[in-house]
Amino acid sequence: MGLRIEVTKVAKAYNGNPVLRDCSYNFAPGLTYALQGPNGSGKSTLLRFLALLEAPDTGSVDYLENSTVLPINLELRRRFTLVLPRPGIFNTTVFNNVAYGLKIRGVKSGEIEARVDTILETVGLSHKRSQRALDLSSGETKRLGLARAMVLAPEILFLDEPTANIDPLNTDIIEEIILKMKAGGQTTILLITHDPAQAERLGDRLLLMKEGKLVPG
Amino acid sequence: MTEFFLFLSQINPGELWGIVWLSLWVSGAGLLLATALALPLAALLALKRFPGRDAVVNILHTFMGLPPVVLGLLLYLLLSRAGPLGVLGLLYTPTAMILAQTILALPIVAALAHSAIVNVDPVVRQAAVTLGATARQQAFTVIREARYGIVSGIMAGFGRANAELGAVLIVGGNIAGYTRVMTTSIALETDKGNFELGIVLGLILLALSLLVNLALRRLQKRGQSAGAELSSWA
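## Observations concerning the pairing of strand 10 (residues 213–216) of chain A
Side-chain positions along a regular strand alternate between the two faces of the sheet.
All names here are of chain A.
Phase 1: Two elements, strand 9 (residues 205–210) and strand 10, share four bridges in a ladder whose sense is antiparallel. Of the residues in strand 10, the one forming a bridge with lysine 210 is lysine 213.
Phase 2: Between strand 9 and strand 10, which pair antiparallel in sequence order, lie two residues; one of them, glutamate 211, sits at a positive phi of approximately 50°.

## Looking at the pattern of salt bridges
Residues and elements named next belong to chain A.
Phase 1: If you walk through the whole model with that rule in mind, you get 15 salt bridges over all chains.
Phase 2: Between glutamate 111 and arginine 115 there is a salt bridge; the shortest N-O distance is 2.9 Å. Note that glutamate 111 and arginine 115 are positioned in helix 4 (residues 109–123) at a spacing of four residues, about one turn of the helix.
Phase 3: A salt bridge links arginine 132 to aspartate 135, with the shortest nitrogen-to-oxygen separation between them at 3.0 Å.

## Observations regarding the sheet that holds strand 1 (residues 4–14) of chain A
Residue and element names in this part refer to chain A.
Phase 1: With antiparallel pairing, four strands are arranged side by side in an open sheet as 2-1-4-5. Looking along the sheet, the strands with just one partner apiece sit at the ends: strand 2 (17–27) and strand 5 (68–69).
Phase 2: As judged from the six bridges shared by strand 1 and strand 4 (residues 58–65), these two strands associate in the antiparallel manner. Bridge pairing in strand 4 places threonine 8 opposite serine 60.

## What to know about the environment of leucine 102 of chain A
Residues and elements named next belong to chain A.
Phase 1: Structurally, leucine 102 can be placed in helix 3 (residues 94–103).
Phase 2: For leucine 102, a relative accessible area of 1% puts it in the buried group.
Phase 3: Residues leucine 102 and arginine 148, 46 residues apart in the sequence, show an inter-C-alpha distance of 9.3 Å.
Phase 4: Each residue touching leucine 102, except ones within four places of it in the same chain, is listed here: Val107, Ile112, Arg115, Val116, Val151 and Leu152.

## A short note on the environment of glycine 110 of chain A
Phase 1: Along the chain, glycine 110 of chain A turns up in helix 4.
Phase 2: Along the primary structure glycine 110 of chain A and threonine 122 of chain A are separated by twelve residues, whereas in three dimensions their C-alpha atoms are 19 Å apart.

## Notes on helix 1 (residues 43–50) of chain A
Owing to its 3.6 residues per turn, the α-helix aligns residues three or four sequence positions apart on the same side.
All names here are of chain A.
Phase 1: Of all eight residues in helix 1, seven are buried, a share of seventy percent or more.
Phase 2: Residues Lys43, Thr45, Leu46, Leu47, Arg48, Phe49 and Leu50 constitute the buried set of helix 1.
Phase 3: Once helix 1 ends, the next one or two residues include leucine 52, with phi positive near 60°.

## Section: the side chain of serine 23 of chain B
Residues and elements named next belong to chain B.
Phase 1: With respect to the secondary-structure elements, serine 23 resides in helix 2 (residues 13–47).
Phase 2: Serine 23 gets classed as buried once you look at its relative accessible area, which sits at 5%.
Phase 3: Excluding residues that lie within four positions of it along the chain, serine 23 makes contacts with Val181 and Met182.

## A word on the packing of aromatic side chains
All names here are of chain A.
Phase 1: Taken as a whole and judged by the stated rule, the model has six aromatic pairs over all chains.
Phase 2: Where tyrosine 25 meets phenylalanine 27, the ring centres are 4.8 Å apart and the plane angle is 55°; that geometry is what we call tilted.
Phase 3: Under the relative-accessibility criterion, phenylalanine 27 is labelled buried at 3%.
Phase 4: Relative to phenylalanine 80, the ring of tyrosine 63 has its centre 4.9 Å away and its plane inclined at 10°; by these criteria the two rings are stacked. Within this pair, whereas tyrosine 63 is found in strand 4, its partner phenylalanine 80 is found in strand 6 (residues 80–83), the two being separated by 17 residues in sequence. Both residues of the pair, tyrosine 63 and phenylalanine 80, belong to the buried class.
Phase 5: An aromatic cluster is present here, built from Tyr25, Phe27 and Tyr33 joined pairwise through their rings.
Phase 6: In this arrangement the basic side chain of arginine 148 is found over the ring face of phenylalanine 90, its NZ or CZ atom lying 4.7 Å from the centre.

## Brief notes about the sheet that holds strand 7 (residues 156–160) of chain A
Residues and elements named next belong to chain A.
Phase 1: Reading across the sheet, the six strands line up as 6-7-8-3-9-10 and stay open at both edges, with mixed pairing between neighbours. Each edge of the open sheet carries a strand with a single partner, namely strand 6 and strand 10. Strand-to-strand, the axes of this sheet are offset by a mean angle of 20°, without reference to chain direction.
Phase 2: Two strands pair when backbone bridges link them, and strand 3 (residues 32–36) and strand 8 (residues 188–192) are joined in this way by four bridges, in the parallel orientation. Directly across from alanine 34, in strand 8, lies its bridge partner leucine 191.
Phase 3: Each of strand 3, strand 7 and strand 8 is contacted by helix 6 (residues 168–184), which is oriented at about 150° to strand 8, the strand it contacts most.

What counts and how
Residues numbered from 1 in each chain as written. Chains lettered and ligands numbered in written order. Predicted model: local features only at pLDDT ≥ 70, side-chain atom pairs only at ≥ 80, totals over all residues. Heavy atoms only, no water. Pairing = 2+ DSSP bridges. Helix = DSSP H or I, 4+ residues; strand = E, 2+ residues; numbered from the N terminus. Salt bridge = Lys/Arg side-chain N within 4 Å of Asp/Glu carboxyl O. Buried < 20%, exposed > 50% of the residue type's maximum accessible area, 1.4 Å probe, protein only. Contact = heavy atoms within 4.5 Å. Phe/Tyr/Trp six-rings, centres within 6.5 Å; stacked < 30°, edge-to-face > 60°. Lys NZ or Arg CZ within 6 Å of the ring centre and 35° of its normal. Axes fitted to C-alpha atoms, helices over the stretch in contact; angles between N-to-C directions.

In structure tokens form, the structure reads like this:
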């Protein structure tokens, strides 16, 4: 069945200024959602709520499986992942960055090697495997952030502006990767983009953040 | 110059190496103990919120400038026979010197390690959360990101311990073959007018400091970005 996310009347205000107001939506499993909206409209805030990084002022974010609301715990958190706009790359090698999520899950080293190498191949960073990750270009850094999440095979992948501030070549590579994941049908993807054409290319459902609410785009 | 080399040949190597070894042992053990205590303290102060946290940080920063002679005096009063810890019989022993070095290096290592940890980009911890790290794993990740700054703190702590004179002189007593270290020997030889021996000991002290710092710097450089240095045209 897969994980379903139910957002119910979520609201959030910063310094008294409301960003999200009674925002509700149901995210179905296996689909790719492209979320658009002006800067400061609350897109990233919503994504952080969905990824359980923060809690809304009011309202709720529930994860459901077979119509049962799942308790919020580490087990649930490890079923999805969020790639931040600045991915927060660790000061170590490219390999160690991608291996991080697997290591903390106690995956055996042989399996880690194999899975990381496969993902590095997918994102075109195999040749940078032993290089210091902080020395990568911004496009490569975005790809590394994506690889670090993909290697965990999450059921839901949140991508906050995965192609912002990078060149067209890297944008094409990242879009290609997202399209491949989408074709696999195993992952629900929710991505934020400012590019309407990209939203059309990648999204099954287009959403717009308007006056603090999610509306069809 | 010939006279200098003639002088060098007259130094008793056994005594000299005894002094060097004790210096390294006292500074090394003091630094090791200080680091073992300072790192958990720095991590706690940087990663946990609790009442009085800022006060502890302020105290640490204040103690970075603790005058060694003042510490020596306090330890002397504590460890002397009439003092509350006099029963332990630690005064004029290497253990008392290690204790002094630990207390002197601890605030330096802790304050600099704390500073390194709090300056780690918050997005690193968030990334760890998004990748499924537990609270403990997040903390270790942040500390690991601060490792090069922590090494700087350890280097500064070593500098403090290695160059220290006042406290180890007071609590160690500069007893030949037992508590005599390089700094106390230099002070003694200077008093006696043996400037050549003082200079030789000073050079050895500097060379040791250089070796330790080179090793730590080598470790640090591994984490330095290629782009961190200015280009020749900049």
